[in-house]
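Tertiary structure, described
Spelled out from the first residue to the last, the chains are:
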Amino acid sequence: MAEAAHPYQPPEDIWEVNVALDPGEPLDGEKDPRWVDTTHARGEYNLDAFLRQLGVDGDVLKSPPRSGYYLFCGHRGCGKSTELRRIRNQLHRHGAYYVVFADVAEELDVSNLRYPDVLLHLAGTLLRQLQADAVHVAPEHLRRLQDWFVERVERHDKTRDFAIEAKAGMEAQLGLPFMAKLFARVSDTFKYNSTYKAELRLVLRNHFSDFAEAFNDLIGAGEDALSRAAPSDGSPYQRILFVVDGTDRLQGEDAKALFLSDVYQLQQVRGLFVYCAPVHLTYEAALGQNFGDVFRLPMIKVANRDGSPNEAGVAAMRAILVRRAASTLFDEGVADKLVRFSGGHPRDLLRLLQYTFKHSRRTADRFELDAAEKAIQELAMDFLRILDAEDYPLLREVDETMQPLAPGPRTRALLYNLAVLEYNNLFWRSHPVIRTLHAYADPGTER
């Protein structure tokens, strides 16, 4: 008889805590023992409202849209990646969706990302997943995509060498395994090779309609094959759903290009797509017109509008903390202080824990109050280095009114840099550590 798995226990040594701590690591939803349900802690937030846009009612996929393009927005580090993985885990099953998940921050070069990179990578990700799941797609259904590669990439002067290199060592020249490997090398090029990257982008832009139709054929063929591959005791997958994480890392003009100026190209691929987007883009007027739904993931609310603690938010943040470090490792008041100065931002809570370890005494075996206070000062200094003098009046205005600022470059920068945090019902506050800075308290000291 197999032994039962040991229940998860957080590290009970501060050195082990530090080694295991990665503030930027997304969790695989409920599958990860460190995961905490933060639904009620975010206020009026309900994932069901988003799932209904995808035709999901409870555990049942009732009526999937024929096509749709949805945005999942929120601050960097607020938990979007974890929530998107929850969506994948919940919806990827027979009788519901066949979810194709891509994290472009890991799989592509997010510091230099354009729509050709994303769409070519998604086509390759679908090919590889179908192959890995042994889904039979007849070679003739892949012909259009292969013809596009041959005619537009292999026969183009500046990408011919790339095509030769990409196909090197491949015996078969048709079929799913061949195409999956070929497009995997395309993705590698977008991540590592700047020379071919530029040329491949140009090829796709100049012949985009051909590629879009080939991608559409691939999606249709994939859905047909999946419908025939249903298990004997269950229902088939109903539709393919693409969930794209990491695109929220895009800054400034890159973000506007992908989600605003290039949105027509994204939508020429007829399918169901969920893209992760930075929160500041939700204040662009055209965004709601371009996407079927723009869904915000609000920050965890650790304080109410009057400044009093929000019990649900505080409890959720403490739970996040003690899943990473045993509660016995915190001196009295330390956990509460870290939670309060995190502002309800999960990633910053873990950054504060890292900084607390860094500032601990050499012989310390616990997280002490003095080290926590130094951690808060360090995080505040991180903001001091990126804020301009003109930001502080805006931050004070936010804290006086708790209302959104007028859209503009400075507002977008404050949202992107996490200097301003958005809670449910458009309740805004400055990050708590910023309010400890002299530059915030005394206008005369601004830079």
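Numbering of residues begins from 1 in every chain and follows the order in which that chain's sequence is written. At least 70 in pLDDT is required for a residue's local features to be given in this predicted model, at least 80 for side-chain atom pairs to be given and counted, and no such filter applies to totals for whole chains, interfaces and linings, which use all residues. Side-chain numbers come from the whole structure's heavy atoms, not from hydrogens or water.

Focus: helix α8 (residues 176-192)
Counted at 1.5 Å a residue, the expected span for α8 with its 17 residues is 24 Å, and the 24 Å between its end C-alpha atoms agrees. Between buried and exposed lies partly exposed: a residue is buried under 20% and exposed over 50% of the maximum accessible area for its type, with that area taken using a 1.4 Å probe on protein chains only. For the purposes of this entry, the term helix denotes a DSSP run of H or I that reaches at least four residues, the term strand denotes a run of E that reaches at least two, and both are numbered from the N terminus. The set of residues buried in α8 consists of L176, F178, M179, A180, L182, F183, V186, S187, T189 and F190. Working rule for contacts: check all heavy atoms of both residues, and any pair within 4.5 Å makes them a contact. Against the buried residues of α8 lie α4 (104-107), α5 (115-132), α6 (143-154), α7 (160-167) and α9 (194-206). In this scheme, a helix's expected span is set at 1.5 Å multiplied by one less than its residue total.

A short note on the pattern of salt bridges
Whenever Lys or Arg places a side-chain nitrogen within 4 Å of a carboxyl oxygen from Asp or Glu, that contact is recorded as a salt bridge. One pass over the full model with this rule turns up 33 salt bridges. For D117, the salt bridge is made with R201, and the minimal N-O distance between the two is 2.7 Å. With D117 in helix α5 and R201 in helix α9, this residue pair connects regions lying 84 residues apart in the sequence. Taken individually, D117 and R201 each receive the classification buried, so the pair is uniform in this respect. Across the salt bridge formed by R296 and E422, the nearest N and O atoms sit 3.2 Å from each other. Within this pair, whereas R296 is found in strand β7 (residues 293-296), its partner E422 is found in strand β8 (residues 420-423), the two being separated by 126 residues in sequence. The class of R296 is partly exposed, set by a relative accessible area of 30%.

Thoughts on the side chain of T247
The residue T247 is located in the loop between β5 (239-245) and α11 (252-261) in this model. The contact partners of T247, leaving out residues within four places of it in the chain, are V104, L113, L258, F259, Y275, C276 and P278.

Side note on the nonpolar core
Remark: nonpolar core denotes a set of buried residues (Ala, Val, Leu, Ile, Met, Phe, Trp, Tyr, Cys) joined through side-chain atoms within 4.5 Å. Counting residues in hydrophobic clusters, the biggest one holds 80 residues, and the most contacted among them are F50 and F367. F50 has contacts with Y70, L71, F72, I87, V274 and F295, leaving out every residue within four places of it along the chain. V110, L120, L266 and Y275 belong to the second largest nonpolar core, which has 70 residues in total.

A few points about the packing of aromatic side chains
Only rings of Phe, Tyr and Trp enter the pairing, Trp through its six-membered ring, and a pair is recorded when the two centres are within 6.5 Å. The plane angle decides the type: under 30 degrees is stacked, over 60 is edge-to-face, the rest tilted. The tally for this structure, following the rule as stated, stands at 19 aromatic pairs. Each ring, one from F208 and one from F211, has its centre 6.4 Å from the other, and the planes form 50 degrees; the classification is tilted. Residue F208 and its partner F211 are located together in helix α10 (residues 208-228), separated by 3 residues, close to a single helical turn. You can call F211 buried: its relative accessible area is 0%.

Structural notes on unusual backbone geometry
Positive phi, close to 55 degrees, is recorded for M402, a residue that is not glycine. By secondary structure assignment, the location of M402 is in the loop between α18 (391-401) and α19 (409-416). For M402, a relative accessible area of 12% translates into the label buried. You will see that L418, though not glycine, has its phi angle at about 70 degrees, which is positive.

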